[in-house]
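Spelled out from the first residue to the last, the chains are:
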Amino acid sequence: GTFTLENYLTAYGDYETYRLLFNTALMIGAKTVIAGMIALLLAWIVARTDTPCKGLLETLIVVPFFIPGILEAVGWIMLLSPKTGTLNVFLKDLFGLQQPPFNIYSLAGIIWVMSLGPVSFLFLFFVTALRSMDASLEEAAAISGAGPMRTALTITFPMIAPAILGASFFSFIRAMDAFEVPVLLGLPANVFVFGNRIYAAIEYDFPVNYGLATALGASLFVLMM
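Right, let's walk through the structure included here. Counting from 1, residues in each chain are numbered in the order their sequence is written. Per-residue local features of the predicted model are confined to residues with pLDDT of at least 70, and side-chain atom pairs are confined, for both listing and counting, to 80 or more; whole-chain, interface and lining totals are unaffected and use all residues. Each side-chain value is derived from all of the structure's non-hydrogen atoms; neither hydrogens nor water enter the calculation.

Here we come to helix 6 (residues 119–132). For helix 6, with 14 residues, the first-to-last C-alpha span of 20 Å sits near the 20 Å given by 1.5 Å per residue. Working definition: with a 1.4 Å probe on protein chains only, accessible area under 20% of the residue-type maximum means buried, over 50% means exposed, and in between means partly exposed. Labels follow the DSSP assignment, with helices taken as runs of H or I lasting at least four residues and strands as runs of E lasting at least two, numbered in each case from the N terminus. The set of residues buried in helix 6 consists of Val119, Ser120, Phe121, Leu122, Phe123, Phe126, Val127, Ala129 and Leu130. Given the number of residues in a helix, its expected span is that number minus one, multiplied by 1.5 Å.

Quick look at the layout of surface pockets now. Cavity and pocket criteria rest on a 1 Å grid covering protein atoms alone: a 1.4 Å probe that fits but cannot get out defines a cavity, protein on both sides within 12 Å along at least 5 of 7 lines defines an open pocket, and an atom within 4 Å of a point defines a lining residue. Grid points are joined across faces, edges and corners, and a volume is the space filled by probe spheres set on the points. Approximately 430 Å³ is the volume attributed to the largest pocket. In this structure, the largest pocket is lined by 19 residues; those nearest its centre are Gly69, Glu72, Gly117, Pro118 and Arg174. When residues of the lining of the largest pocket are traced back to their parent elements, those giving at least two are helix 3 (69–80), helix 5 (107–116), helix 9 (161–176) and helix 10 (180–186). Gly falls in the polar group here, along with every residue not listed as nonpolar (Ala, Val, Leu, Ile, Met, Phe, Trp, Tyr, Cys, Pro) or charged (Asp, Glu, Lys, Arg). Among the residues making up the lining of the largest pocket, the classes are represented as twelve nonpolar, two polar and five charged. Estimated volume of the second largest pocket: approximately 160 Å³. Considering the residues around the second largest pocket, the lining is formed by Leu42, Leu60, Ile61, Pro64, Ile67, Glu72, Trp76, Val113, Leu116, Gly117, Val119 and Ser120. For the lining of the second largest pocket, the secondary structure elements donating two or more residues are helix 2 (54–62), helix 3, helix 5 and helix 6. Each residue belonging to the lining of the second largest pocket can be placed in one class, and the counts come to nine nonpolar, two polar and one charged.

Now for the environment of leucine 130. Tracing the chain through its elements places leucine 130 in helix 6. Residues leucine 130 and arginine 48 lie 82 residues apart in sequence; the distance between their C-alpha atoms is 7.6 Å. Sequence-distant contacts of leucine 130, defined by excluding residues within four places in its chain, comprise Ala43, Trp44, Ala47, Arg48, Thr156 and Ile160. Working rule for contacts: check all heavy atoms of both residues, and any pair within 4.5 Å makes them a contact.

This part takes up the pattern of salt bridges. For this analysis, a salt bridge means a side-chain nitrogen from Lys or Arg found within 4 Å of a carboxyl oxygen belonging to Asp or Glu. Following the criterion strictly, the structure yields three salt bridges and no others. Its salt-bridge partner being glutamate 138, residue arginine 48 comes within 2.6 Å of it at the nearest N-O pair. In this pair, arginine 48 sits in helix 1 (residues 5–48) while glutamate 138 sits in helix 7 (residues 136–143), placing the two residues 90 residues apart along the sequence. One salt bridge in this structure joins arginine 197 and aspartate 205, with 3.2 Å as the shortest N-O distance. Note on arginine 197: relative accessible area 8%, which makes it buried.

Take the environment of asparagine 196 next. Following the sequence through the fold, asparagine 196 ends up in helix 11 (residues 194–203). On the accessibility criterion, asparagine 196 (0% relative accessible area) is buried. In this structure, the C-alpha to C-alpha distance between asparagine 196 and proline 182, residues 14 residues apart in sequence, is 5.8 Å. Those residues in contact with asparagine 196 that lie beyond four places of it in its chain are Pro182, Val183, Gly186, Leu187 and Val191. A distance of 2.9 Å separates the side chain of asparagine 196 from the backbone oxygen of valine 191, its partner in a polar contact. The term polar contact refers here to a pair of N or O atoms within 3.5 Å; inside protein, the definition further demands a hydrogen-donor-capable atom paired with an acceptor-capable atom, and it admits residues adjacent in sequence only when both atoms are side-chain atoms.

Here it is, written out as structure tokens:
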């Protein structure tokens with residue numbers, strides 16, 4: 001059709017909304033899967049193996065539950081900031097790199113930091129379910145010749161599938177209202193999801209775009225429901 005500024009702005013607005021939806025869905029989905037897999041592996045090690053010092057390991061896994069998300073984000077910024085991150089500076093000096101190997105200011109960085117946050121409370125769900133299940137089926141599988149991994153994949157994890165599904169839904173919903181990590185890691189790189197775009201619409205858009213913030217907030221509420 002004929003190019004007009006109104007048509008362009010309408011098209012751009014639609015594109016931006018779709019991009020926000022895609023980024024948000026990718027962030028939430030990847031975060032839920034990664035956090036769930038890490039938590040499930042740790043819970044299985046603690047509850048179903050003879051790993052030494054399991055009590056200490058369990059305590060260390062739970063400790064991050066009490067650390068605010070904003071402190072986790074700041075800590076990763078200090079490690080992986082492209083210019084001043086401790087780990088990036090060390091690797092650049094060690095290998096003579098021209099570019100930093102990691103960039104925490106990215107969608108991948110947001111997913112990584114957000115994936116580590118919920119591991120502790122997911123671990124509590126999973127380890128409780130593993131300890132309360134009947135171990136006789138696992139013993140029967142071991143007697144029949146199944147190894148530890150095959151037993152876990154075919155017996156243990158399917159038995160606690162309701163706990164895995166319920167905890168994953170809880171983690172999925174909690175990720176939708178994420179704020180600190182997307183703001184601290186997404187805004188410097190212009191990586192937007194629903195949470196930080198709502199914030200930017202009020203704090204940085206000129207004039208203040210209350211209409212966009214309201215529309216995105218309502219959309220996010222509908223997705224949660």
